[in-house]
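Tertiary structure, described
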Amino acid sequence: MKIDFKKYNDGLVPAIIQDVLTSKVLMLGYMNEEAFLKTNQSKQVTFFSRSKQRLWTKGEESGNFLELVSIAVDCDNDALLLKVNPKGPVCHKGTDTCWQEENVSEYGFLSALEKIIQKRKENPENEDSYIASLFRKGINKIAQKVGEEAVEVVIEAKDSNDDLFLNESADLLFHYMILLRAKGFTLQDVEKILRQRHKLE
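Residues numbered from 1 in each chain as written. Predicted model: local features only at pLDDT ≥ 70, side-chain atom pairs only at ≥ 80, totals over all residues. Heavy atoms only, no water.

1. Quick notes on the packing of aromatic side chains
Centre distance and the angle of the planes are the two values used to describe a pair of aromatic rings. Rule in force here: Working definition: rings of Phe, Tyr and Trp (its six-membered ring) pair if their centres are within 6.5 Å, and the pair is stacked with planes under 30 degrees apart, edge-to-face with planes over 60 apart, and tilted otherwise. Helix and strand assignments come from DSSP, with helices taken as H or I runs of at least 4 residues and strands as E runs of at least 2, each series counted from the N terminus. The classification of residues rests on relative accessible area computed with a 1.4 Å probe and restricted to protein chains. Under 20% of the type maximum is buried, over 50% is exposed, and intermediate values are partly exposed.
On inspection of all chains with the given rule, the structure shows three aromatic pairs. Consider the rings of Phe 5 and Phe 36, whose centres lie 6.2 Å apart with planes at 55 degrees: the pair is tilted. Here the residue Phe 5 occupies a position in the segment before β1 (13-19), and Phe 36 occupies one in helix α1 (residues 33-42), the gap between them amounting to 31 residues. We classify Phe 36 as buried; its relative accessible area is 12%.

2. Observations concerning the environment of Lys 7
Keep this limit in mind: Throughout, a contact is declared for two residues whenever any of their heavy atoms are within 4.5 Å. Under the rule applied, a polar contact is a pair of N or O atoms within 3.5 Å (in protein, one hydrogen donor and one hydrogen acceptor; residues adjacent in sequence only if both atoms are side-chain atoms).
You can see Lys 7 is positioned in the segment before β1. If we ignore the near neighbours within four places in the chain, the residues touching Lys 7 are Asp 76 and Asp 78. Within the local environment of Lys 7, its side chain forms a polar contact with the side chain of Asp 78, the two groups lying 2.6 Å apart.

3. Description of the pairing of strand β5 (residues 66-73)
Where we set the bar: By definition, two strands form a pair when at least two bridges between them are found by DSSP.
Bridge count for β5 against strand β6 (residues 80-86) is seven bridges, and the pairing is antiparallel. By the bridge assignment, Leu 68 is partnered in β6 with Val 84. Hairpin connection between β5 and β6: a loop of six residues separates the two successive antiparallel strands, and Asn 77 in this loop has a positive phi of roughly 60 degrees.

4. Some details on the nonpolar core
Selection rule: What makes a nonpolar core is a set of buried Ala, Val, Leu, Ile, Met, Phe, Trp, Tyr and Cys residues whose side-chain atoms join them at distances within 4.5 Å.
Core analysis: the largest hydrophobic core is formed by 22 residues, its most contacted members being Ile 17, Met 31, Val 45, Leu 80 and Leu 82. Mapped onto this core, the elements with two or more residues apiece are β1, β2 (25-31), α1, β3 (46-49), β5 and β6. Other than its neighbours up to four places away in sequence, Leu 80 contacts Ile 3, Val 13, Pro 14, Ala 15, Ile 16, Met 31, Phe 36, Ile 71, Ala 72 and Val 73. One finds Val 146, Met 177, Ile 178 and Leu 187 within the second-largest nonpolar core, a separate group that totals 12 residues.

Pasting the structure below:
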């Protein structure tokens, strides 16, 4: 890994810190070559503190260390991306990230769809909404729809029509997300269970 520590007069390169599981950007720090080497050796992220003018291991006072998982250098060899397992809040103000964001997984369009489903649950009187109509019919109907879609996925899995298989898979996931919300849960709750199982392996 070639890192151009000499590109800037202070010998520092920016180091972006990202949670390896949630992909949330947690903070930005700076490293010189010594901090980089110490991080690799100790597997705990160490920066060069511009205010203290010395090496500084994140968590040395708070105990909220950043356990190193991987390091990548950008195309210009002058910026780093560190994927970590954070051991507690990252920001000195006590928040998960330095942008006052909660460090939880986001699933792109699926997260947006979850919000739509929640709105329909809160407004079941919306007669034009298919989702709202399912919430009006209750948990038994929603669970029945999940079962029906699951059977359709199994049927299409045995065939060779990929388009039909993917469409039925989308239907199953969509109705399962409605069922999760009807039970008061989200995809994050399911992810949490999967993480716990993974740690047991």
